[in-house]
Amino acid sequence: MWFEQVLFFLAGAGALAGALGVVVVRNPFYSVLALVVHLLALAVLFLLLHAEFIAAAQVVVYAGAVMVLYIFVVAYIGGADEPLRPEGGVINSFGPLFAAAIGVELCVAFIASGLEALDTRGADVGAGFGSPAEIGRLLLTRFLVPFEAASYLLLVAAVGAVVLARRRRGLEDIGALEEVGAPPDRKEPPSAETTLEVRV
Amino acid sequence: MDITWFLVLSAFLFAIGAAGVLTRRNPLVVLLCLELMLNAGNLALVAFSRMHGGQAGQVFALIVMVIAACEVVIGLGIIVAMYRNRLPIDIDEMSELRG
Amino acid sequence: MSGTSYGWLVLAFPLVGTLAIAFGWLGGLRGRTAGWIASGAIFGAFLSAIGALIQLQDQPEESRSLVDSAWTYVATGDVKVDLAILVDPLSVFMCLVVSGVSFLIHVYSVAYMGGDRGYTRFFAYLNFFVFSMLLLVLASNFVLLIVGWAFVGAASYLLISFWYRRETATRAGIKAFVINVIGDVGLVVAAFLLLDQTGALDYAGVFAQADHVFGHNDGTLVAACLLILVGAFAKSAQLPLHTWLPDAMEGPTPVSALIHAATMVTAGVYLIARTHPLFELAPAAADVGAIIGTATLVFAATVAVAVTDLKRTIAYSTISQIGYMVLGVSVFAYGAGMFHLMTHAFFKALLFMGAGSVISAMGGIQDMDRMGGFRKAMPFTFAAFTAGALALAAFPFTSGFFSKDEILAFTLERGGWYVVLAIAGYAGAALTAFYAFRMVFRVFYGNPVEEARELEQGHIAHHPPSNPATGEPEDTDVGFPAEEHHIAEREWPMRAAMGPLAVLALLAGVVQVPGVSDVIEKFLEPTFADSHFHDTAPSDSSEWVGLLLGGLISVAGIAAAYHAYVRRRGITLQLRDRFPRVHAFLVNKWYFDELFEALFVRPVATAGGFGRAVIETRFVQGFIVGGATGVVRVGSSLARAVQTGYLRAYALLLLLGVALLILYFLLASS
């Protein structure tokens, strides 16, 4: 339907614009915002593809939680603007080239008769296709193991993040942080229980 | 609606994300571009799922989102650690693995 | 016990002797114990050889060839090689001669080597040598023969450089070994050729096949026989591979007596006799042997006339006498050749023993120019030495007389151009008689020198220890000769050894008097029964003519020596001054050493230096090794350049790889 096509082009344009914004914009804060736009456009595209639950998850989890996390970190770190003109060098000149090559190759693969298994119209799908009920049923029956593994992965990631971002005790004691130029953190008294000593 | 359009779009997004990973020096932005690539992959997955009528693609995309979240968490943790240790926030400076 | 069991015993005794002495089982081996153990071992071998002899003679004549195999070395395809010994008349004959003479020399050495710091080592080596020689003689196939051959060469090397701190001795040992190796190569290649053509390596197999496989003077057979001759000449010091034997006199005198007179150097003669069926099928090779034997005989005799070192004179005499033996077996006079081998063992060992006694009396000096007039001071040595010299000169009715002249009679009988060889042989006999008594008269006649006078007073002369060849001083610690000197008059073991040899040298001829007795000939007949030249033996009367001729020549030679050295002393010095160039030519051994030095040693040394400087240093080290390491180093530095540490560079490579992969799949599916 023409409605779908218009929506597709609008959402596609928004996704592309957001993507370009992430790559091109100098200030990292604005990059994050561009990515948010991109994610929302992508959610629309998911809706067009009858993936309601995925679209909702995209908005809530991705654009909601993950981007907020990004914004927190940007605020904490205070990203400085990168120089306007990218400096030369092999990577800076060849990088986009190879990326473009990949893009072209993939297009060729999709559009040309390389992938003959493609049925471009899309299969007939029932009413509940992509609904939370369906996804949930699949997650708890057929894809139970990936589901559980993913939750385990989340746990590991959470613990890892806490460990990575801890204050390093040893460096303050020997004054190395001051040598490097870090502002002296307020000294925490060594706690009674054993703490996780991670040597830098 | 031709599913091929979605796939072409995902290819472009992937290429843009790859170019960004290679070009930018701020690790935060590199991570953002990484997100772009992952989302492009998600788009392709969902498109294929629509094409074949199976929902495995959507579940796959969901798991990819979980992975992306984990990776972001760790990546940001590393960046915070870098900031805490007063190292410059520039991935070109992190070259101690040179041989 | 069967004949072959005795054969194994013959081998076992010296081997056990060596091991026992080497490990010094009997609590420390003080004093002369090692010597008596060694002598006892050889005496056991001698008795076992006699046992084998008796067992062999019990067999009927046709089956006097006993082979016994201990185990099989190789049994692949058509090749079967056993550790097997052959007990037949020829090998028993050699065993008796080798073990008998070795025993006497061992007894002699018990006294002679006393006081030497390497006494025990000496007897271990000596027993090892006898074991190797007996192994060589008892082998029943070419492989075991070559094993024994190599062992004997090794033993010779060990014993020549016995006084290993003397540089002249070690150099002589190396020279002997290198020339022996040339012979070894010849022998091994010959064995291979025979294996290739006949498919067998044991004597019985090869000789049986040879008749069928080879025609008369077949090319391959002649080549194989010539190679066998190369081996024989290297071991027996014939032209041109003779240069090592005079230098081998650096070893102790008993070593010279045993190895370089009586036993090892006769291995070549034994080899030719053993492979006689092949030589009879290829007379061309036999003729080569005869010619070289004669040439050597004449050459060595001429040099012996001029050389002044006592031991070297006897060494050249050995070379000459072995030339006679080689001539004998090459004209297919096997009985005569082996008979001469036996008598030569007796009188040559005797001569060396006597020389050892004289050199001891001289306090270590070997130069005949400084000797004289020992007749009164050393009567026993004089008598023994003269007995040996008489036999060497083939004085009528001594053992040498019958053996040497029988060879020459055979040669004459062959007729044709062999007559030339016989005439040369008689000329050599004249020279032999002359130089034999030259030694006797110079050492024992004339005015007594200082050392002789000291000995008459009752004590042996003493000089500061030094190298007899170069004169440089030495000490008497291990590796150099002892300070003690032993002479026969004072040591009973030396007399006990020299006495029987003197008797044998004079009287052993009775076993093979033409027309009267032919013990040796009859004994060896079963081995040589397949010879085609059986009936070409000269008649008794022509033999007696030859003997008469030889006797006259011998007496004439002795008379000439008497005239030159006793009646008119100094005439030889005048001759030397009249013909300085001839004398120099003879004294420098016909310049063979210089010739080989220029032809072989110098080019090889230059090539070696070139190899080291250019090929090894520049090419191998620099180019190949350096190149290989350089390539690796460059490659690894290139690989290292990839590890920049930049995350973006790694990502770039990753993406590049992905792009290439997708490209590949795209292309593959189209």
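Since this is a predicted model, take the numbers as computed values, not measurements.

S.K.: Before we move on, could you go through the interface of chain C and chain A and cite the residues and values that matter?
M.R.: Tallying the contact residues gives ten residues for chain C and ten residues for chain A. Between chain C and chain A, a total of about 1,000 Å² is buried, with carbon and sulfur atoms accounting for 79% of that surface. Its largest share of buried area at the contact with chain A, chain C owes to Arg648(C), Leu652(C) and Leu666(C), together 48% of the area lost on that side. Counting every contact that joins chain C to chain A gives zero salt bridges. Linking chain C to chain A there are zero residue pairs in polar contact (both at pLDDT 80 or more).

S.K.: If you had to explain the environment of Pro526(C) to someone new, which residues and values would you point to?
M.R.: All names here are of chain C. Along the chain, Pro526 turns up in the loop between helix 21 (519-524) and helix 22 (540-567). Sequence-wise, Pro526 and Arg64 are 462 residues apart; in three dimensions their C-alpha atoms are separated by 6.6 Å. Those residues in contact with Pro526 that lie beyond four places of it in its chain are Glu61, Arg64 and Pro89.

S.K.: Give a detailed account of the side chain of Ser131(A), specifying residues and quantitative values.
M.R.: Checked against the element boundaries, Ser131(A) lands in the loop between helix 4 (90-111) and helix 5 (132-140). Excluding its chain neighbours within four sequence positions, the residues that come into contact with Ser131(A) are Glu52(A) and Phe53(A).

S.K.: Tell me about helix 20 (residues 492-507) of chain C, and please be specific about residues and values.
M.R.: Quick reminder: α-helices carry 3.6 residues per turn. Residues three or four places apart thus point the same way. Residue and element names in this part refer to chain C. Between its first and last C-alpha, helix 20 extends 23 Å over 16 residues, near the 22 Å set by a 1.5 Å rise per residue. Within helix 20, the full set of buried residues consists of Pro493, Met494, Ala497, Met498, Leu501, Ala502 and Ala505. Down the axis of helix 20, the sector holding all buried residues measures 150°, keeping them to one side. Along helix 20, exposed side chains directed more than 90 degrees from the buried face belong to Trp492 and Leu507. Against the buried residues of helix 20 lie helix 2 (33-58), helix 3 (89-112), helix 15 (334-361), helix 16 (379-392) and helix 17 (399-414).

S.K.: Outline the packing of aromatic side chains, listing residues and values.
M.R.: Residue and element names in this part refer to chain C. In this structure the tally under the stated criterion is 39 aromatic pairs over all chains. Each ring, one from Trp417 and one from Tyr418, has its centre 4.3 Å from the other, and the planes form 20°; the classification is stacked. The exposure class assigned to Trp417 is partly exposed, which follows from its relative accessible area of 39%. Ring centres of Phe437 and Phe441 lie 5.6 Å apart, and the angle between their planes is 50°; this geometry places the pair in the tilted category. With a gap of four residues between them, Phe437 and Phe441 both fall in helix 18 (residues 418-444), about one helical turn apart.

S.K.: With reference to specific residues and values, describe the interface of chain B and chain A.
M.R.: Taken together, the contact pairs 69 residues of chain B with 89 residues of chain A. Carbon and sulfur atoms make up 76% of the surface buried where chain B meets chain A, a total of about 7,100 Å² over both sides. Summed over the shared surface of chain B and chain A, the result is zero salt bridges. When contributions to the side of chain B that touches chain A are tallied by element, the ones reaching two or more residues are helix 1 (3-23), helix 2 (27-52) and helix 3 (56-84) of chain B.

S.K.: Go over the packing of helix 3 of chain C against helix 15 of chain C with me, naming the residues and quoting the values.
M.R.: All names here are of chain C. Contact geometry of helix 3 with helix 15 gives a least axis separation of 11 Å together with a crossing angle of 5°. With respect to each other, helix 3 and helix 15 are oriented roughly parallel. Here helix 3 contributes Leu90, Phe93, Met94, Val97, Val101, Leu104, Ile105, Tyr108 and Tyr112 to the contact with helix 15, which in turn contributes Met338, Leu341, Met342, Ala345, Phe346, Ala349, Phe352, Met353, Gly356, Ser357 and Ser360. For the contact of helix 3 with helix 15, the per-class residue count stands at 17 nonpolar, three polar and no charged.

S.K.: Help me get a handle on the environment of Ala461(C), residues and values and all.
M.R.: Residue and element names in this part refer to chain C. When you line up the elements, Ala461 lands in the loop between helix 19 (450-457) and helix 20. Put simply, Ala461 and Ala361 are 100 residues apart on the chain and 6.4 Å apart in space, counted from C-alpha to C-alpha. Non-local contacts of Ala461, meaning those with residues more than four positions away in its chain, are made with Ala361, Gly363, Glu451, Glu454 and His485.

What counts as what
- Residues numbered from 1 in each chain as written.
- Chains lettered and ligands numbered in written order.
- Predicted model: local features only at pLDDT ≥ 70, side-chain atom pairs only at ≥ 80, totals over all residues.
- Heavy atoms only, no water.
- Contact = heavy atoms within 4.5 Å.
- Buried area = accessible area lost by both parts, 1.4 Å probe.
- Salt bridge = Lys/Arg side-chain N within 4 Å of Asp/Glu carboxyl O.
- Polar contact = N/O pair within 3.5 Å; in protein donor to acceptor, adjacent residues only side chain to side chain.
- Helix = DSSP H or I, 4+ residues; strand = E, 2+ residues; numbered from the N terminus.
- Expected span 1.5 Å × (residues − 1).
- Buried < 20%, exposed > 50% of the residue type's maximum accessible area, 1.4 Å probe, protein only.
- Arc of directions from axis to C-beta.
- Phe/Tyr/Trp six-rings, centres within 6.5 Å; stacked < 30°, edge-to-face > 60°.
- Axes fitted to C-alpha atoms, helices over the stretch in contact; angles between N-to-C directions.
- Parallel < 35°, antiparallel > 145°, perpendicular 65-115°, else oblique.
- Nonpolar A, V, L, I, M, F, W, Y, C, P; charged D, E, K, R; others polar.

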